[in-house]
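Structural overview for review
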Amino acid sequence: VLDFAMHPRWCLEMWRHGVPAMRNFADPLGGARASSHAPLLNSQLDSTLGWDIVGWLRERWKGPILIKGILSLEDATEAVARGADGIVISNHGGRQLDGVPSSISALAQIAPRLGGRVPLFLDGGVRRGSDIVRAVALGAQAVLIGRPTLYAAAAGGADGVRRCLQILIEDMHRTLAHIGRASISEVDADCLATV
C-alpha cells in the first residue's frame, strides 16, 4: 500500500489503461491460455521465404541490409552474394531449434572467409566482457546483447540497463588489461590462445 501511495501517477495510469499487455499476442476471444498463441505465432512464419526476398528488399530499401540468423559459411556467402551489407551471426539464443551451433563457433568458421568483405556481428551468448573481446578477436566488428539487458531492465529499469552495460564495459577493459591490449581496436586473432 505504501508503494502505491508513493507512485500516484503510476496508479492513475493503471486505473485508466489497465495492466500492460503484449497486444500482438492478445487473444481476440479473451482467452489467456498460452496454447491459444501457438496458431498466431505459426501464422507469423512463412515457410516459403527464401533468398529471393533479399533482392526484393534491396529494390525497395536503399539503406544497409543486415541478415540475422546466419550460422554457416554457405549461408553467409549466399547472403553477401544476394546483397547483404552485413551479417548477424546468431542462433537466436538457441531457442528456435535445439542443437544448433553456438554463435561464437559459427563466427570462427565464417570470419576467416568473409570478415574482410562485410561487417560481421555476433549475437548470442555475450554475458561477460571477455565474451566481447573473444568475439572481436575472432572477427566480429561488434556484439549484440539481449538477455543481460533484458534481465537488467526487468530488475532495475533504465538504471539497471545502464549498470549492466557499465559492468560489461568494465569487464571488457579488465580483460583487455589482462591480455596486454590498451583498447578493443588492438584486439585480433593473436589475442586468442590456441590449444
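Below is a summary of the structure that appears in this document. Every value quoted in this text rests on a predicted model; they were computed, and no experiment measured them.

1. Focus: helix α5 (residues 73-81)
Restricting attention to buried positions, one finds in α5 the residues A76, A79 and V80. On an axial view of α5, the arc spanned by its buried residues comes to 95 degrees, and they lie on one face. The exposed residues of α5 that point more than 90 degrees off its buried face are E74 and A81. Once α5 ends, the next one or two residues include G83, with phi positive near 115 degrees.

2. A look at the packing of helix α7 (residues 129-138) against helix α8 (residues 147-178)
Packing of α7 against α8 brings their axes to within 7 Å, and their N-to-C directions diverge by 60 degrees. Taken together, the axes of α7 and α8 are oblique relative to one another. For α7 against α8, the interelement crossing comes out right-handed. Two secondary-structure elements touch here, α7 through G129, S130, I132 and V133 and α8 through L168, D171, M172, T175 and L176. Taken together, the residues that form the contact of α7 with α8 break down as five nonpolar, three polar and one charged.

3. Notes on the pattern of salt bridges
Side-chain pairs of opposite charge can arise whenever the charged atoms involved come near each other. Counted by the stated rule, this structure contains 12 salt bridges. A salt bridge links R60 to E59; the nearest nitrogen and oxygen atoms lie 3.4 Å apart. Neither residue differs from the other here; R60 and E59 are each classed as exposed. For R174, the salt bridge goes to D171, with nearest N and O atoms at 3.6 Å. With R174 and D171 both in helix α8 and three residues apart, this pair spans about one turn of that helix. Its relative accessible area of 45% is what places R174 among the partly exposed residues. Residues joined in a network through salt bridges with shared partners are D52, E78 and R82.

4. Overview of the environment of T48
Tracing the chain through its elements places T48 in the loop between α3 (38-43) and α4 (52-60). Owing to a relative accessible area of 66%, T48 belongs among the exposed residues under this scheme. A polar contact is formed between the side chain of T48 and the side chain of D46, at a distance of 2.5 Å.

5. Describing the layout of surface pockets
Reported here for the largest pocket is a volume of approximately 650 Å³. Residue lining of the largest pocket: 21 residues in total, with L49, I67, K68, G69 and H92 positioned closest to the centre. Contributions of two or more residues to the lining of the largest pocket are made by α4 and β1 (66-70). Looking at which element gives the most residues to the lining of the largest pocket, the answer is β1, with four residues.

6. Digging into the packing of aromatic side chains
Applying the stated criterion to the full structure yields one aromatic pair. Ring plane angle 5 degrees and centroid distance 5.9 Å describe the contact between F4 and W10, whose orientation is recorded as stacked. Residue F4 is classed as partly exposed on the basis of its relative accessible area of 48%. Taking relative accessible area as the criterion, W10 reaches 45% and is therefore assigned partly exposed.

Cut-off values and rules
Residues numbered from 1 in each chain as written. Predicted model: local features only at pLDDT ≥ 70, side-chain atom pairs only at ≥ 80, totals over all residues. Heavy atoms only, no water. Buried < 20%, exposed > 50% of the residue type's maximum accessible area, 1.4 Å probe, protein only. Helix = DSSP H or I, 4+ residues; strand = E, 2+ residues; numbered from the N terminus. Arc of directions from axis to C-beta. Axes fitted to C-alpha atoms, helices over the stretch in contact; angles between N-to-C directions. Parallel < 35°, antiparallel > 145°, perpendicular 65-115°, else oblique. Left-handed = near helix turned anticlockwise from the far one by under 90°. Contact = heavy atoms within 4.5 Å. Nonpolar A, V, L, I, M, F, W, Y, C, P; charged D, E, K, R; others polar. Salt bridge = Lys/Arg side-chain N within 4 Å of Asp/Glu carboxyl O. Polar contact = N/O pair within 3.5 Å; in protein donor to acceptor, adjacent residues only side chain to side chain. 1 Å grid on protein atoms, 1.4 Å probe; cavity = no way out; pocket = protein on both sides within 12 Å on 5 of 7 lines; lining within 4 Å. Points joined across faces, edges and corners; volume = space filled by probe spheres on them. Phe/Tyr/Trp six-rings, centres within 6.5 Å; stacked < 30°, edge-to-face > 60°.

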